[in-house]
Amino acid sequence: MRDIRLLDQMLVPGTLIGPFAQANPGLGGVCTFVGEVRCDAKEQGGVEALELSHYEPLTLPGMHALADRAFARFTLMGLLMVHRVGVLYPGEPIVCVSAAALHRRDAIDAVDFCMDHLKSAAWFWKREKRADGWHWIEPRADDTRDLARW
Amino acid sequence: MRDIRLLDQMLVPGTLIGPFAQANPGLGGVCTFVGEVRCDAKEQGGVEALELSHYEPLTLPGMHALADRAFARFTLMGLLMVHRVGVLYPGEPIVCVSAAALHRRDAIDAVDFCMDHLKSAAWFWKREKRADGWHWIEPRADDTRDLARW
Amino acid sequence: MIVITVVLLGKLADLAGAPTLTLPAPSSAPLDWAGVLAALPPALADAADDPRNRVAANGALLADKAELQAGAGDEIALLPPVSGG
Amino acid sequence: MIVITVVLLGKLADLAGAPTLTLPAPSSAPLDWAGVLAALPPALADAADDPRNRVAANGALLADKAELQAGAGDEIALLPPVSGG
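Predicted model only: the values in this text are computed from it and were never measured.

**Remarks on the interface of chain B and chain A**
So, point 1. If you look at the interface, chain B gives 24 residues, while chain A gives 24 residues.
So, point 2. Contact with chain A buries surface across chain B, with Phe33(B), Arg38(B) and Arg104(B) losing the most and accounting together for 28% of the total.
So, point 3. Across the contact surface, chain B and chain A share six salt bridges.
So, point 4. Between Asp112(A) and Arg105(B) there is a salt bridge, and its shortest N-O distance comes to 3.0 Å.
So, point 5. For the pair chain B and chain A, the number of links is 13 residue pairs in polar contact (both at pLDDT 80 or more).
So, point 6. Contributing elements (two or more residues each) for the side of chain B that touches chain A: strand 2 (29–36) and helix 3 (104–121) of chain B.
So, point 7. For the side of chain B that touches chain A, the residue count by class is nine nonpolar, six polar and nine charged.
So, point 8. As judged from the seven bridges shared by strand 2 (residues 29–36) of chain A and strand 2 of chain B, these two strands associate in the antiparallel manner. Directly across from Val30(A), in strand 2 of chain B, lies its bridge partner Val34(B).

Written as structure tokens, this is what we have:
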């Protein structure tokens, strides 16, 4: 079961995860990661909102290509990858990746792999609204370090 | 938020995961693993039921000690570790581990760490019911290999 | 269609003040990367020329901006590096 | 209490036909590991003697079975290796 989506409305993990597990009968384990919009420490200027823009012809195909790689690399029964676009507020889920497999290691590693690669595989541009206005988020050194793990 | 439990009734992940995420405001990510009782291939003799026994004075303290190690090793906001005991049927959840953290890597690694160590940290004895009766499950070489990762 | 659509992503959209621009399609030879830069407002052209930016033509990423050959009806996307998170 | 409780886990409970047994507490010196084995039914004693088994006394794992010193009211648990899965 493969469910790859961009979502422009509230992402409610509970409505995705239960049906996903149900759709993969016989699974041994499901690993799920849900990322939320953080409200950074006050000293850094709290994040009031986050906006994600995407480029339709690249972003969704990028997620599908990443799903292909995950299915090729791990022994999976199902993969769910749902990413928000649009304006989000702190505490709102921004991404949900869930992998179902016969064996635990495949499920956990597939989620880890997808999360590490999602930012480079799918094109998203993010800006944060702080007290002094909107700021574009630049690429980070951490992302390159995470990719070097695979 | 720390929630470590043995459960002798049906484990419903949805009833645990939502409240757990809610109980950790300000989190950046939540990783959750749910393991289910597999029904092995017919050729191997399908599993009809699984029974887990535990030794009260060791099993729950073992889970708490593992939680202590996870909190010491990773930067976590919360950790949920719920394990079933008693008789389970194929498709029923047997374990749910969820970690909430400011950063994705801590959440994913903590779940991976807890799942790898749960079997050696907490004492469970399992037997499977197949067509020809109950069979005790012996330790596996895989478990040692998983522990060598850390 | 007698125009080329330029889709601007991320901070380039901010700079342009709009998510898309249209350029008149050249009547003779197709527009190359230098031609696109020349047709953009100067401040936007400067930002677009950042070597970290990628270019897509009709939804396909170009390995090299030198490959660009745009004509009437084509959609060019200018893609700054994606954000960390 | 004048007995020692022996808690049997996993396949040892099967062999014993019960999850617990009681042994009479010795009136003089405390019971050591050899004394426990001698007091168990022979088939169970054989299985319990597997070096992979661990022993807990009153809920605390013993590093070495030679440490065992059980008296009246004590609970000894015989723990086979835990299952994979």
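**Quick look at the relation of the copies chain B and chain A**
So, point 1. Of the transformation superimposing chain B on chain A, the axial component is 0.0 Å and the angular component is 180 degrees, with the fit at an RMSD of 0.0 Å. Put plainly, the chains are arranged around a two-fold axis. The rotation axis passes nearest to the C-alpha of Thr32(B) in chain B, at a distance of 2.6 Å.
So, point 2. When the interface residues of chain B are mapped onto chain A, 100% of them again lie at the interface, so the same face is used by both copies.

**Focus on the arrangement of the chains**
So, point 1. Once contacts are tallied for each of the three pairs of chains in contact, the highest total is for chains A and B.
So, point 2. Over all C-alpha pairs, chain B and chain C never come within contact, reaching a minimum spacing of 10 Å.
So, point 3. With no contact formed, the shortest span from any C-alpha in chain A to any C-alpha in chain D equals 10 Å.

**Notes on the sheet that holds strand 5 (residues 86–88) of chain B**
All names here are of chain B.
So, point 1. If you walk across this open sheet you meet the four strands as 5-3-7-8, and the pairing is antiparallel. Of all strands in the sheet, those bounded by a partner on one side alone are strand 5 and strand 8 (133–136). Direction aside, neighbouring strands of the sheet carry axes that sit 25 degrees apart on average.
So, point 2. The pairing of strand 3 (residues 49–54) with strand 7 (residues 124–130) spans six bridges and is antiparallel. For Glu51, the partnering residue across the bridge sits in strand 7 and is Arg127.

**Considerations on the pattern of salt bridges**
So, point 1. Considering all chains together, one arrives at 28 salt bridges over all chains under this definition.
So, point 2. The closest approach of N and O atoms between Asp109(B) and Arg105(B), which form a salt bridge, is 3.3 Å. Here Arg105(B) and Asp109(B) lie together in helix 3, a separation of four residues that amounts to about one turn.
So, point 3. The buried category is assigned to Asp109(B), whose relative accessible area is 17%.
So, point 4. A single salt-bridge network, built from bridges that share partners, covers Arg104(A), Arg105(A), Asp109(A), Asp112(B), Asp116(B) and Arg149(B).

Calculation criteria
Residues numbered from 1 in each chain as written. Chains lettered and ligands numbered in written order. Predicted model: local features only at pLDDT ≥ 70, side-chain atom pairs only at ≥ 80, totals over all residues. Heavy atoms only, no water. Contact = heavy atoms within 4.5 Å. Buried area = accessible area lost by both parts, 1.4 Å probe. Salt bridge = Lys/Arg side-chain N within 4 Å of Asp/Glu carboxyl O. Polar contact = N/O pair within 3.5 Å; in protein donor to acceptor, adjacent residues only side chain to side chain. Helix = DSSP H or I, 4+ residues; strand = E, 2+ residues; numbered from the N terminus. Nonpolar A, V, L, I, M, F, W, Y, C, P; charged D, E, K, R; others polar. Pairing = 2+ DSSP bridges. Least-squares fit on C-alpha atoms with pLDDT ≥ 70 in both. Axes fitted to C-alpha atoms, helices over the stretch in contact; angles between N-to-C directions. Buried < 20%, exposed > 50% of the residue type's maximum accessible area, 1.4 Å probe, protein only.

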